[in-house]
Amino acid sequence: MKSFISEDFLLTTEAARRLYHEHAERMPIFDYHCHLNPKEIYDNKQFADIGEAWLAGDHYKWRVMRANAVPEKYVTGDARYREKFDRFAAVMPTLIGNPIYHWSHLELKRFFGIDELLNTQTADQIWDRANSKLQSAQGTARALIAESNVRALCTTDDPIDDLQYHRLLAQDQSFNTKVLPTFRPEKALNITDPNYPAYMQKLGAAANVYIRTIDDVKQALSNRIDYFASCGCRLSDHSFGSPDFTVWDESAAEEAMQKALKGEALLDYEVAAYQSFLMDFLGEQYSNHGWTMQLHIGAIRNLNTKLYRALGADVGGDAIGDVVSAASLAALLDRMAVRDKLPKTILYTLNAADNDKLIAAAGCFQDESTAGKVQFGSAWWFNDHYDGMTAQIKSLANIGVLSRFVGMLTDSRSFLSYPRHEYFRRILCEVVGGWIDRGMAPEDYDGIGQIIEDICFNNVWNYIGLDA
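We now turn to the structure provided with this report. The model shown is predicted, which means the values in this text are computed figures rather than measured ones.

Our next topic: the packing of helix α1 (residues 14-22) against helix α20 (residues 445-464). The contact between α1 and α20 brings their axes to 10 Å, and the two run at 60 degrees. In terms of their interaxial angle, α1 and α20 are classed as oblique. The crossing of α1 and α20 is right-handed. For the pair α1 and α20, the contacting residues are A15, R18, L19 and E22 in the first and Y445, I448, G449, I452 and E453 in the second. Across the contact of α1 with α20, the residue classes tally to 5 nonpolar, 1 polar and 3 charged.

Take a look at the structure:
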């Protein structure tokens, strides 16, 4: 049976079809937040098969496989990738309504020209056809990126990383896509992690700073920010659950660090003081370098203790957490803004109940330095489905300025995930085209078409400042 991915997939009005085919479809991609491995890009990784390309490291797929009672051996275990692929193919028909159903069939069609539905009956032929490309020169990591028209991408990197492969890629004239690092000091901020003392030693070694006090942490992070900047870094990234940035107490921040280095338990107040203090310092550093700060808020991590003990983090055990306090977010942004040190900032929420709150807060901190300086980012993680993207677009249009939106990102570890940009672009054109169709917007295809093109690529390219 042929799949449902037609030329006008998701586009139900003539206006939507015109906006997509005449404007969105042709735009390149700037994937400004992803989790691709820069070594695999430099080495031009050749995938053994579609099972490896699809299922290695993809906790989205792992979750739906577990929900269908697939034994862990065939999810993250030691089964052969052909066996894992067959189990995933058997699960696929159950995923109607889940974005994985859309994404997977988009990927099959765009990368492999496969127009059949994936199931147990088609698994053999799809395996063979996909592998014939993946095992050819057109199926390498760089070839897949180039085929997707990716102009630039930003990986996610720890401050202690040496960025060896970013430096090598910057010197490689044979690859036209910019591959830039992103500064993610997650482990330096996660003061309650039992591995925090050991990580501070690693950070100190990387920065050539002996870390004993919170001022030493600041110096170490500053040194690494300078190094990342020398390697082309333009963004930072931070992930929090429901942080309390209203706490401002430098002595409590220092006390928290001293206790954490000794392995002692911390009070919530001390954790908040430490994170507030460091985030305020980091934001100023980013502002000084002209970087963009990304704040991902609302995740609750590692809910399933048994799963975490068996497999570790980032395996599908995370979920949507509580909403963030408006006062907390405002306190962080305001402390920097008062000193004219608020960097360009993108806010993402995992809890869609926070959409309007974050957009409204962002609007309080816009200024003449950059159009759309504080952004409400794309629908993130558990929200990057049809309804979630539609809600994000409509909320941003209602409360903010949609035309300044910096658009979609993959947030993915997969080289096959770029059709997610197409998915977003079709949804964007469906929403805006619907306004035209219902008389809520003019039939100005040149003007509105330019807005679509800007959201798809131009806005983020200019916002991050890659031509600067």
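This next bit is on the packing of aromatic side chains. In this structure the tally under the stated criterion is 22 aromatic pairs. Their ring planes at 20 degrees and their centres at 5.7 Å tell us that Y286 and W291 sit as a pair that is stacked. With a centroid separation of 5.7 Å and an interplanar angle of 50 degrees, the aromatic rings of W380 and W381 are classed as tilted. Here the two residues W380 and W381 agree in accessibility, since each one is buried.

Ordered in space as β4-β5-β6-β9-β10, the 5 strands form an open sheet in which the pairing is parallel. Each having just a single partner strand, β4 (182-183) and β10 (374-376) make up the two edges of the open sheet. Helix α16 (residues 326-338) rests against β6 (292-297) and β9 (344-349) of the sheet, and its axis sits at about 170 degrees to β6.

Under the counting rule described, the total for this entry stands at 26 salt bridges. Ionic pairing is found between R184 and E186, a salt bridge with its closest N-O pair at 3.3 Å. The exposure class assigned to R184 is buried, which follows from its relative accessible area of 16%. The partner of R339 in a salt bridge is E284, with the nearest N and O atoms 2.8 Å apart. Of this pair, R339 sits in the loop between α16 and β9 while E284 is found in helix α14 (residues 268-289), placing the two residues 55 residues apart along the sequence.

Closest axis-to-axis distance for the helix α5 (residues 81-91)/helix α7 (residues 123-134) pair is 10 Å, and the angle between their directions is 130 degrees. Taken as axis vectors, α5 and α7 run oblique relative to one another. The hand of the α5/α7 crossing is right-handed. Residue-level inspection shows Y81, R82, F85, D86 and A89 of α5 in contact with α7, the latter providing A123, D124, I126 and W127. Residue classes in the contact of α5 with α7 are distributed as 6 nonpolar, no polar and 3 charged.

Conventions we followed
- Residues numbered from 1 in each chain as written.
- Predicted model: local features only at pLDDT ≥ 70, side-chain atom pairs only at ≥ 80, totals over all residues.
- Heavy atoms only, no water.
- Axes fitted to C-alpha atoms, helices over the stretch in contact; angles between N-to-C directions.
- Helix = DSSP H or I, 4+ residues; strand = E, 2+ residues; numbered from the N terminus.
- Parallel < 35°, antiparallel > 145°, perpendicular 65-115°, else oblique.
- Left-handed = near helix turned anticlockwise from the far one by under 90°.
- Contact = heavy atoms within 4.5 Å.
- Nonpolar A, V, L, I, M, F, W, Y, C, P; charged D, E, K, R; others polar.
- Phe/Tyr/Trp six-rings, centres within 6.5 Å; stacked < 30°, edge-to-face > 60°.
- Buried < 20%, exposed > 50% of the residue type's maximum accessible area, 1.4 Å probe, protein only.
- Pairing = 2+ DSSP bridges.
- Salt bridge = Lys/Arg side-chain N within 4 Å of Asp/Glu carboxyl O.

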